[in-house]
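Chain by chain, the residues:
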Amino acid sequence: MGICIGICAGFAVKQASAVNPNMPTVVIDAGHGGIDNGVQGIGTKTDEADINLAIARFLKGQFNAAGFNCVMTRTNEAGLYGDTSKGFKMRDMKKRKEIIENCNADMVISVHQNFCPLPSKRGGIVFFEKSSAASGALANKIQSELNALPQCKKPTGAMYGDYYMLKCTQSPSVIVECGFLSNAEEDKLLNDESYQRAVAYAIFKGAVSFFAQNN
Ligand SMILES: [Zn+2]
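Assigned secondary structure in the chain consists of six helices and six strands. The linear arrangement of helices and strands in the chain, starting from the amino end, is α-β-α-β-α-β-β-α-β-β-α-α. Across its three principal axes, the chain shows a C-alpha extent of roughly 45 × 40 × 35 Å. Look at the contacts in the chain between residues 6 or more apart in sequence, and 77% of them connect residues 24 or more apart.

Pasting the structure below:
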């Protein structure tokens, strides 16, 4: 109910700091960070890690404005692995899982950017764990919103993915690959603040529509 009220009131802004026990907690996971830059824009050379964080921040703002509780796995450019010795990537992943478990996440949204040797490939794709029906439903909702973006050239379906981040909790979890940094046009778009905000809003709308149907 709280969700509906938040939306209907035109996103009446609440104080982000106060945890509202009546509202779901969404973990927003900006992929990569620190020495792990992820992939890189084909033209802009921007690191994926930075774009992930920018979109994650917009997403947090949108969820908070609607009254949701949000936990970010990272809030700055640093990675979560501690030191950079061998095995840092797994330590980074485990830390993310710990954050998800500690806050009793009701939903996990990981934000990433894609890269493909085929430069024509573009568009957002949402991944989910095959065995989780709820994750599939959430993925489909977000995918529809991404497909509805005016910049979307070719709508696609959500896909199964066998990834660590999709198995951190029983709660619905998705990885959103917002677009392809290997496509010059999409690389430019993903570096544009207004597009980053629009992508975040598409993810947010999909998530809210999932909550509205499942609570
Ligand atoms: Zn990534």
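Additional details are given in the paragraphs that follow.
Ile55, Ile109, Val174, Ile203 and Ala207 are the most contacted members of the largest nonpolar core, which has 50 residues in total. Residue assignment for this core shows that the elements contributing at least two residues are strand S1 (25-30), helix H2 (48-65), strand S3 (107-114), strand S4 (125-128), helix H4 (133-147), strand S6 (173-180) and helix H6 (193-214). Dropping the residues within four chain positions of it, Ile203 is found in contact with Leu59, Ile109, Ile142 and Val176.

This brings us to the environment of Asp36. Structurally, Asp36 can be placed in the loop between S1 and H2. Of the residues examined, Asp36 has 17 C-beta atoms within 10 Å and is grouped as partly exposed. Sequence separation between Asp36 and Lys89 is 53 residues, and the spatial gap between their C-alpha atoms is 8.1 Å. Beyond its immediate stretch of four places on either side in the chain, Asp36 contacts Ala49, Gly79, Lys89 and Asp92.

What follows covers the packing of H2 against H6. The N-to-C vectors of H2 and H6 enclose an angle of 50°; their axes lie 8 Å apart at closest approach. Classified by the angle between their axes, H2 and H6 sit oblique to one another. In the packing of H2 onto H6, the handedness of the crossing is right-handed. Contacts from Ala54, Ile55, Phe58, Leu59, Gln62 and Phe63 of H2 reach H6 at Gln196, Arg197, Val199, Ala200, Tyr201, Ile203 and Phe204. Classifying every residue of the contact of H2 with H6 by side-chain character gives ten nonpolar, two polar and one charged.

This paragraph deals with the sheet that holds S1. Read from one edge to the other, the open sheet built from six strands follows the order S2-S1-S3-S6-S4-S5, with strand pairing classed as mixed. Of all strands in the sheet, those bounded by a partner on one side alone are strand S2 (69-72) and strand S5 (159-160). Across four bridges, S1 lies against S2 in parallel orientation. Paired with Val27 across the two strands is Val71, which belongs to S2. Packing against the sheet, H2 makes contact with S1, S2, S3 and S6, and its axis sits at approximately 145° to S3. Against the sheet, H6 makes contact with S1, S3 and S6, and its axis sits at roughly 150° relative to S3, the strand it touches most.

Extensive coverage of S6 is indicated by the burial of eight of its eight residues. Bridge count between S3 and S6: six bridges; the pairing is parallel. Opposite Asn114, over in S6, you have Phe180 as the bridge partner. With three bridges connecting them, S4 and S6 associate as antiparallel partners.

Our focus in this paragraph is the packing of H4 against H6. Packing of H4 against H6 leaves a shortest axis separation of 8 Å and a crossing angle of 140°. Relative to H6, H4 is oriented oblique. Handedness of the H4/H6 crossing: right-handed. Taken together, the residues of H6 that come into contact with H4 (itself represented by Ala137, Leu138, Lys141, Ile142, Ser144, Glu145 and Leu146) are Ala202, Ile203, Lys205, Gly206, Ala207, Ser209 and Phe210. Residues belonging to the contact of H4 with H6 are distributed by class as follows: eight nonpolar, three polar and three charged.

The rules behind the values
- Residues numbered from 1 in each chain as written.
- Predicted model: local features only at pLDDT ≥ 70, side-chain atom pairs only at ≥ 80, totals over all residues.
- Helix = DSSP H or I, 4+ residues; strand = E, 2+ residues; numbered from the N terminus.
- Contact = placed C-beta atoms within 7 Å.
- Core = buried A, V, L, I, M, F, W, Y, C linked by C-beta atoms within 7 Å.
- Buried ≥ 20, exposed ≤ 12 C-beta atoms within 10 Å, placed from the backbone.
- Axes fitted to C-alpha atoms, helices over the stretch in contact; angles between N-to-C directions.
- Parallel < 35°, antiparallel > 145°, perpendicular 65-115°, else oblique.
- Left-handed = near helix turned anticlockwise from the far one by under 90°.
- Nonpolar A, V, L, I, M, F, W, Y, C, P; charged D, E, K, R; others polar.
- Pairing = 2+ DSSP bridges.

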